[in-house]
Each structure stands twice: as structure tokens, then as C-alpha cells.
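# A look at the structure
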Amino acid sequence: KKNDPHLRLLAVMLMAGFFILFAGLWWVQIVSAREYQNHEETQSYRTVRLPAPRGKILDCEGRVLAENRPQYNLSLYLDDLHTQFQKEFERLRPMKIVTNAPPFWKLWLGSPVVVTQRARLTQTQLNALTWQARYDVVANIIAQVSQKLGQPLPFDAQAFARAYEQKRALPYPILKNLDAAQVARFEEQYAGGLGVDLDLQSARVYPEGDTAGHLLGYVLQDDRSAAGEDAFFNYRLPDFRGVVGIEGGFDKELRGHAGGESVLVNSLGYRQSENVWSRPQPGRNVVLTIDLDLQRAAEESLAAHQGTNARGAIVVMDVDTGDVLAMVSSPSVNPDFSANSVAYLNDPQLRPQINRATQENYAPGSIFKPVVGLAALENGLDPKATIYVAPSPENSAH
């Protein structure tokens, strides 16, 4: 059936289809290979760990002892400054005047004899000039923001260099923890175009100051992944871990579960787009048996009778349930460590970081005599009996 026209038509159609497939494959693999390779080299994804909001610590009445508040940082978005970096580099690059000896026909056509050209630089000189351009741009922006806010802002060149090399896709903070007046002044004065914006972060605060400071404990920055979280991230936003006290003992419940996002960056490390693929899950609140009013009264009583730097402790418990209603340790310490001086925290005599209600050993004294008496009665001691104790030779000699 070689002369069958239908079979020939089918063969032609199959051959045409294979030709189109091979032509497309050749176009993708050979002709467009360089384009796809450049596209792959010019962009890649970076993963960013998003910390979860930490849970609150409440007293038995639901009053807040520890919570989070928004902290506004003034941050510089380096991905918006690439063009300014390049312009500053071109401005700083040295030029030289060169005298040419063009052919006579170029002279006849009016070609210039003296021209200005860029000076040739070594790779070391180019790198130094590139960094100088970046420093100049950032320093100029910080100076403008400083003028708008009406306060001096320092420029740390080394900190900027580290951020540019390691965390280029993330905001670079130039002023942390702005107050309401600073935020309002920036929003009023800022007209855009500087690559600067407000960056919102969560900060741990203790509304009652040093009240129940030893009981609450404190937190330290710790960006490591907890159990059950993704372990690998290119960048990690600031997160905190409880160390001692309630913050440390219930850190797993308070910390929550961190999320993550993917940031698309180009070959220079600048951010192109972002996508949150896992939203952080806030931590749970912890409710204590502590009564805030009773805690304050115990602390004030100890300070009034023994002084503010007295070394002592008070524990108030419910005799029916065993609940701890107040726990005081003196000298006190503020859970926000930045509010304490280093000299005070390291005082070898006061030792304010020690919780004297839970971390020290004391002789019980007369408070333990009822326990001894009850034990004796349970073992058959007659409460009306008189016991004579003969003096020891050591006592009789005096």
C-alpha cells in the first residue's frame, strides 16, 4: 500500500510534527540557551524567617505583666539605591584628557584633537571607588533624614558594609525605636525618593517596670529555629528567647511558631518581589497565680522596712490551694535589661540577678519548729511530758 494517498498524508503530517518539535527544541536549547542562562544568573530566591509575636504574661486578674508593642525603625531599602550608587560611581570616576593625532582626513572633517576619557583603574581601585560611592550616597541620605527629623543620625560605615554584603535584600536600619513624635515628624517631612521608610518590628515590654522582675525573667535575641520549624533560612529577622523565670520556663508556649517568606533578588542582591509562604503563628498567653496588687504590696513592704537594696525575699501562698500569690526578691531587677546599669547587675555584694526566693539556700530557723513538733507528736510524744536535758561537759565548763 505504498501508493495509498491517505497513508502518505499521515506520514507527511507526522514528519511535519516531528520537525516542529525538533525545531522548537533546537531553538530553546541552542538559540535561546544564553538568554535562559543569563536569566537564571540574574535572579534567585532568598528565604527570610518571620518571627511570631510573643505571647503575653498575665496575672490572675488578667492584668498585663509582659507584652509586645510595635517598634518603628527608620530603615534604608538598598534595592532602591542601585541607580544612585551607579551615578555616584560615574561621578567619582577620574577622567583624563587625551590628545589624539587623527588622520588628516579626520582633521579635515573637524574631528577634535583633545578628548576626555575615563582613566583606566585596577580592580582594587574600582572596588575602592565602588564602596566610596555607596558610602557617599548612604551618608548623604542619612544627612537629609537627620535634617528632616531635626536630630543627628550617626553613619556606621562598617555596619553598612556588613549589611550590604550579607543582608542586601533586607531593610538596613539607620534609626531604631522611634517615638511617636519622631514618627509623626518623619511622616510629615518625608516626601519620598530617598529609599527610606518606616519598618515595623515587635519589641518585648514590661509595663510594670521592675515589679515581679525576677519572677518574669527576661529575653535575649535568638534567631535560631525552634523545634518543628524550618531550619534553613538565608536571612532571619530579630527574634527573642526566654532565659529565666516565666519567660524561660514557658518559652515554648510564649514563642509561637515562626513563618517564612521568599524574596526574589537579582544578581546584585537587590529585592525584586516577595511572597509569604508560611505566616507566623502567635505564641499563647500565660496566666499566673500572681496577684499584681499583692505583689506590689509585698515589694513596697520589703523596701519600706529593709531598704531598696535589702537582700531578702517574700513569698505569699494560698494555704488552701498552694497557689503562689506573690514572690518578691530584693534587690530588684528590671526585666528590660537595657534599663539596668552594668555595674548594678554585676555588683558582687548585691547580686541583683539572683532570685533569692528560688535560687538561694537559707536556714529555716524558728519557722520550721512547728514541723518538728508535729513530727514528734505523730510519733507518740506526750505533749504534757517534761523532758530534762543534761548539760554537756562543754556547756558546764563555762
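See the structure shown above.
In what follows, the accompanying structure is described.

## What to know about the overall build of the protein
From N to C terminus, the protein includes 14 helices and 15 strands. Looking at the protein as a whole, 30% of its 398 residues are labelled buried. Taking contacts inside the protein between residues at least 6 apart in sequence as the whole, the part at least 24 apart equals 69%.

## Some points on the packing of aromatic side chains
Centre-to-centre distance and the angle between the planes together describe a pair of aromatic rings. Per the counting criterion, the structure on display carries 10 aromatic pairs. Taken together, a centroid distance of 6.3 Å and an interplanar angle of 65 degrees make the contact between tyrosine 135 and phenylalanine 155 edge-to-face. With tyrosine 135 in helix α5 (residues 123–149) and phenylalanine 155 in the loop between α5 and α6 (157–166), this residue pair connects regions lying 20 residues apart in the sequence. Through pairs of rings, three or more aromatic residues link up here, namely Phe85, Trp131, Tyr135, Phe155, Phe160, Tyr164 and Tyr172. Positioned over the ring face of tryptophan 131 is arginine 134, at 4.6 Å from the centre of the ring.

## Some thoughts on the side chain of serine 330
You can see serine 330 is positioned in strand β15 (residues 324–330). Exposure remark for serine 330: the relative accessible area of 7% places this residue in the buried category. Looking at serine 330, its side chain comes within polar contact range of the main-chain oxygen of alanine 310, at 2.5 Å.

## Comments concerning helix α11 (residues 292–306)
The end-to-end C-alpha distance of α11, which contains 15 residues, comes to 21 Å, matching closely the 21 Å that a straight helix rising 1.5 Å per residue would cover. Taken residue by residue, α11 has Leu292, Gln295, Ala298 and Leu302 as its buried positions. Relative to the axis of α11, the buried residues are bounded by an arc of 130 degrees and lie together on one face. Exposed positions of α11 whose direction lies more than 90 degrees from the buried face are Glu300, Ala304 and His305. Considering only its buried residues, α11 is in contact with β3 (64–76), β14 (312–317) and β15.

## Structural notes on the pattern of salt bridges
A complete count under the given rule lists 15 salt bridges for this structure. The closest approach of N and O atoms between arginine 296 and aspartate 293, which form a salt bridge, is 3.4 Å. Residue arginine 296 and its partner aspartate 293 are located together in helix α11, separated by three residues, close to a single helical turn. Take aspartate 293: its relative accessible area is 43%, and that puts it in the partly exposed class. Three or more residues joined by partner-sharing salt bridges are found here, namely Asp59, Arg63, Glu208, Asp291, Asp293 and Arg296.

## Quick notes on α5
With 27 residues, α5 extends 39 Å between its outermost C-alpha atoms, agreeing within 8% with the 39 Å of an ideal straight helix rising 1.5 Å per residue. Along α5, the residues that are buried comprise Leu129, Trp131, Ala133, Arg134, Val137, Val138, Ile141, Ile142, Val145, Ser146 and Leu149. Buried residues along α5 sit against β3, α3 (82–92), α6, β6 (172–178), α7 (180–189) and β7 (196–205). Just downstream of α5 lies glycine 150, where phi reads positive at about 75 degrees.

## Some points on the environment of leucine 264
Mapped onto the elements, leucine 264 comes out in strand β11 (residues 259–266). Taking the relative accessible area as the measure of exposure, leucine 264 reaches 13% and is therefore buried.

## Describing a nonpolar patch on the surface
Together, Leu7, Leu10, Leu14, Phe18, Leu21, Phe22 and Leu25 line one region of the surface with nonpolar side chains, adding up to about 750 Å² of accessible area. On the secondary structure map, leucine 10 appears in helix α1 (residues 5–31). Residue classification places leucine 10 among the partly exposed positions, given a relative accessible area of 46%.

## Let's talk about the nonpolar core
Formed by 27 residues in total, the largest nonpolar core has its most connected members in Leu74, Leu76, Ile141, Val145, Phe160 and Val196. Elements with a contribution of two residues or more to this core: β3, α5, α6, β6, α7 and β7. The leading source of residues in this core is α5, at seven residues. Setting aside its immediate chain neighbours within four residues, valine 145 contacts Leu74, Leu153, Leu194 and Val196. Core analysis: the next-biggest nonpolar cluster, separate from the first, contains 15 residues, Ile57, Val219, Ile290 and Met327 among them.

## Focus on the side chain of glutamate 247
Looking at the element boundaries, glutamate 247 is found in helix α9 (residues 245–249). Since its relative accessible area comes to 0%, glutamate 247 is described here as buried. Side-chain polar atoms of glutamate 247 contact the side chain of arginine 204, separated by 3.0 Å. Among residues more than four places away in sequence, those in contact with glutamate 247 are Arg54, Ile57, Ala66, Arg204, Tyr206, Leu216, Gly217, Tyr218, Val219, Gly242 and Leu254.

## Topic: the packing of α3 against α5
Contact geometry of α3 with α5 gives a least axis separation of 8 Å together with a crossing angle of 120 degrees. When the axes of α3 and α5 are compared, the pair comes out oblique. Helix-helix and strand crossings are classified by hand; for α3 and α5 the assignment is right-handed. Contacts between α3 and α5 involve Gln84, Phe85, Glu88, Phe89 and Leu92 on the former and, on the latter, Leu126, Leu129, Thr130, Gln132, Ala133, Arg134, Asp136, Val137, Val138 and Ile141. Residues of the contact of α3 with α5, tallied by class, amount to nine nonpolar, three polar and three charged.

## Quick notes on unusual backbone geometry
Residue proline 331 is reached from serine 330 by a cis peptide bond, and omega for that bond is 0 degrees. Relative to the helices and strands, proline 331 resides in the loop between β15 and α12 (342–345). Residue asparagine 177 is not a glycine yet carries a positive backbone phi of 55 degrees. Taking relative accessible area as the criterion, asparagine 177 reaches 38% and is therefore assigned partly exposed.

Definitions and limits used
Residues numbered from 1 in each chain as written. Predicted model: local features only at pLDDT ≥ 70, side-chain atom pairs only at ≥ 80, totals over all residues. Heavy atoms only, no water. Helix = DSSP H or I, 4+ residues; strand = E, 2+ residues; numbered from the N terminus. Buried < 20%, exposed > 50% of the residue type's maximum accessible area, 1.4 Å probe, protein only. Contact = heavy atoms within 4.5 Å. Phe/Tyr/Trp six-rings, centres within 6.5 Å; stacked < 30°, edge-to-face > 60°. Lys NZ or Arg CZ within 6 Å of the ring centre and 35° of its normal. Polar contact = N/O pair within 3.5 Å; in protein donor to acceptor, adjacent residues only side chain to side chain. Expected span 1.5 Å × (residues − 1). Arc of directions from axis to C-beta. Salt bridge = Lys/Arg side-chain N within 4 Å of Asp/Glu carboxyl O. Patch = residues over 30% accessible without salt bridge, like charges linked within 9 Å, V, L, I, M, F, W, Y side chains within 5 Å. Areas by Shrake-Rupley, 256 points an atom, 1.4 Å probe, with all protein chains shown as cover. Core = buried A, V, L, I, M, F, W, Y, C linked by side-chain atoms within 4.5 Å. Axes fitted to C-alpha atoms, helices over the stretch in contact; angles between N-to-C directions. Parallel < 35°, antiparallel > 145°, perpendicular 65-115°, else oblique. Left-handed = near helix turned anticlockwise from the far one by under 90°. Nonpolar A, V, L, I, M, F, W, Y, C, P; charged D, E, K, R; others polar.

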